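A structural walkthrough
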Amino acid sequence: QSLPQQKLLTWLSVLECVEVFAEMGTARVWGEMGRWTIIVLIQLAKAILRLLLLLWYKAGIQTSPPIVPLNREQQQPLHPQDMEDNSSGKDQTYVGKRSSRVVRSLQSTPSLQSRHWGSPQQREESQSRRAEEMNQPPTPLGLQETIAESIYITRPLLHLLSLGVWGQRSWKPWLLSAILDISSLSLLSDLKDLNRRERAELRRRTILLLYYLLRSPFYDRYSEGRILLLLRLLADYVPGVGFVTRKWAPLLYPHFSWVEKNQG
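Cut-offs applied
Residues numbered from 1 in each chain as written. Predicted model: local features only at pLDDT ≥ 70, side-chain atom pairs only at ≥ 80, totals over all residues. Heavy atoms only, no water. Helix = DSSP H or I, 4+ residues; strand = E, 2+ residues; numbered from the N terminus. Buried < 20%, exposed > 50% of the residue type's maximum accessible area, 1.4 Å probe, protein only. Contact = heavy atoms within 4.5 Å. Areas by Shrake-Rupley, 256 points an atom, 1.4 Å probe, with all protein chains shown as cover. Axes fitted to C-alpha atoms, helices over the stretch in contact; angles between N-to-C directions. Parallel < 35°, antiparallel > 145°, perpendicular 65-115°, else oblique. Nonpolar A, V, L, I, M, F, W, Y, C, P; charged D, E, K, R; others polar. Expected span 1.5 Å × (residues − 1). Bend = angle between axes of the 7 residues up to and from the residue. Arc of directions from axis to C-beta. Polar contact = N/O pair within 3.5 Å; in protein donor to acceptor, adjacent residues only side chain to side chain. Phe/Tyr/Trp six-rings, centres within 6.5 Å; stacked < 30°, edge-to-face > 60°. Patch = residues over 30% accessible without salt bridge, like charges linked within 9 Å, V, L, I, M, F, W, Y side chains within 5 Å. Salt bridge = Lys/Arg side-chain N within 4 Å of Asp/Glu carboxyl O.

As for the overall build of the protein chain
In terms of regular secondary structure, the protein chain is built from ten helices and two strands. What you see in the protein chain, going N to C, is helices and strands ordered as α-α-α-β-β-α-α-α-α-α-α-α. For the protein chain, with 264 residues in total, the buried portion stands at 32%. In the protein chain, the share of contacts with a sequence separation of at least 24, taken over all contacts with a separation of at least 6, comes to 68%. For the protein chain, the accessible surface area stands at approximately 18400 Å², while carbon and sulfur atoms represent 61% of it.

Notes on the packing of helix H1 (residues 3-56) against helix H5 (residues 143-166)
Remark: H1 packs on H5, axes separated minimally by 10 Å, with the N-to-C direction vectors making an angle of 170°. Relative to H5, the element H1 is oriented roughly antiparallel. Contact with H1, carried on its side by Trp 36, Ile 39, Val 40, Gln 43, Leu 44, Ala 47, Arg 50, Leu 51, Leu 54 and Leu 55, involves Thr 146, Glu 149, Ser 150, Ile 153, Thr 154, Pro 156, Leu 157, Leu 160 and Leu 163 of H5 and no other residues of that element. Of the residues that constitute the contact of H1 with H5, the class distribution is 13 nonpolar, four polar and two charged.

So, helix H8 (residues 218-237)
For H8, built from 20 residues, the straight-helix expectation of 28 Å at 1.5 Å per residue is met to within 8% by its first-to-last C-alpha distance of 28 Å. The sharpest bend along H8 reaches about 40° and sits at Glu 224. Listed as buried for H8 are Tyr 219, Ser 223, Glu 224, Leu 228, Leu 231, Arg 232 and Ala 235.

Brief notes about the environment of Val 102
When you line up the elements, Val 102 lands in strand E2 (residues 102-104). For Val 102, a relative accessible area of 43% corresponds to the partly exposed category. Apart from residues no more than four positions distant in its own chain, Val 102 is found in contact with Thr 93, Tyr 94 and Val 95.

Quick look at helix H7 (residues 196-207)
Relative to the 16 Å expected for twelve residues at 1.5 Å per residue, H7 spans 17 Å between its end C-alpha atoms, a close match to the ideal helical length. For H7, the complete set of buried residues consists of Glu 198, Glu 201, Leu 202 and Arg 205. Seen from one end, H7 has its buried residues packed into an arc of 95°, which puts them on one side. Exposed and oriented more than 90 degrees from the buried face of H7 are Arg 196, Arg 203 and Ile 207. Turning to H7, the residues buried within the fold contact H5 and helix H6 (171-188). A distance of 3.3 Å separates the backbone nitrogen of Arg 197 from a side-chain oxygen at the start of H7, and that oxygen is part of Asn 195.

Digging into the packing of aromatic side chains
All chains considered together, the criterion is met by six aromatic pairs. Considering the side-chain rings of Trp 171 and Trp 174, the 5.4 Å spacing of their centres and the 85° angle between planes classify their relative orientation as edge-to-face. In this pair, Trp 171 and Trp 174 are both assigned in helix H6, three residues apart and thus about one turn of the helix distant. The interplanar angle of 40° and the centroid separation of 5.2 Å between the aromatic rings of Phe 218 and Tyr 222 together place this pair among those described as tilted. Here Tyr 222 and Phe 218 lie together in helix H8, a separation of four residues that amounts to about one turn. Taken together, Trp 171, Trp 174, Tyr 212, Phe 218 and Tyr 222 form an aromatic cluster joined through their ring pairs.

Concerning a nonpolar patch on the surface
On the surface, Ile 207, Leu 210, Tyr 211, Leu 213 and Leu 214 cluster together to form a nonpolar patch covering roughly 530 Å² of accessible area. Relative to the helices and strands, Leu 210 is located in the loop between H7 and H8. Residue classification places Leu 210 among the exposed positions, given a relative accessible area of 54%.

Focus: the packing of H5 against H6
Packing of H5 against H6 leaves a shortest axis separation of 9 Å and a crossing angle of 175°. By the angle class used here, H5 and H6 are roughly antiparallel. In this structure, H5 uses Gln 144, Glu 145, Ala 148, Glu 149, Ile 151, Tyr 152, Arg 155, Leu 158, His 159, Ser 162, Leu 163 and Trp 166 to contact H6, whose residues at the interface are Lys 172, Pro 173, Leu 176, Ser 177, Leu 180, Asp 181, Ser 184, Leu 187 and Leu 188. In the contact of H5 with H6, the residues fall into eleven nonpolar, five polar and five charged.

Regarding the side chain of Asn 195
Summarising the element assignment, Asn 195 is placed in the loop between H6 and H7. Among the polar contacts listed, one links the side chain of Asn 195 to the backbone nitrogen of Arg 197, at a separation of 3.3 Å. If we skip the residues at most four places from it in the chain, Asn 195 touches Gln 136, Pro 137, Pro 138 and Thr 139.

Some thoughts on unusual backbone geometry
The amide bond that connects Ser 64 to the next residue, Pro 65, takes the cis arrangement and shows omega of 0°. Structurally, Pro 65 is set in the loop between H1 and helix H2 (72-75). Its identity is not glycine, yet Lys 58 carries a phi of approximately 55°, on the positive side. Assignment of secondary structure puts Lys 58 in the loop between H1 and H2.

Encoded structure:
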């Protein structure tokens, strides 16, 4: 990746990390109007950065988070003493004469910081395989796939626009957002030879479709009553769960205490 592309990914990651805090802080200071203003500005900035990565830098299917978190245990380099032992040609393993089991020799035992329980060959293979997966270039997108990814990127902006036009209680913003998500996934389903990171991203987007069951107005009309009933059943029939549901459910669902009074 080029340096400008890395900077775009960094800024995009920063926006995704602070957007909830910025929304809550703005709502506390400037009220509801300031909250919606900062939401629109953040989503607009994210859409611009993602479109630049898609159209200008050909970044392909973009993951969330934009920068894959570093696994320090897997990426930990060898200790200098271990590197000296490897360069000196010492045998790292010993093969049992009768069991044929491969064990690490005492002379090549690594330091505590870089010690692991697998054999050196397994660790080297896993590290090389993981490095190869991380360094794989993004899958080139055709016109159809580029349109699909553009739809996914601009979907939050279109949803916010529909909320401003039809209001938060209307079904139209909910339907529009769902149609755009499903359309994007359908257009991307024909893409073959995806790398591991891109396949995981498509699976994540598919699972996120279940969140539409918890979004208004579907949640207000259908999901809320069933969730409250489930909490009530858990509180009555599962030992130990009642303490948790009766303590925390009224905070998450203000109507839970009312349901308990009327069904108890």
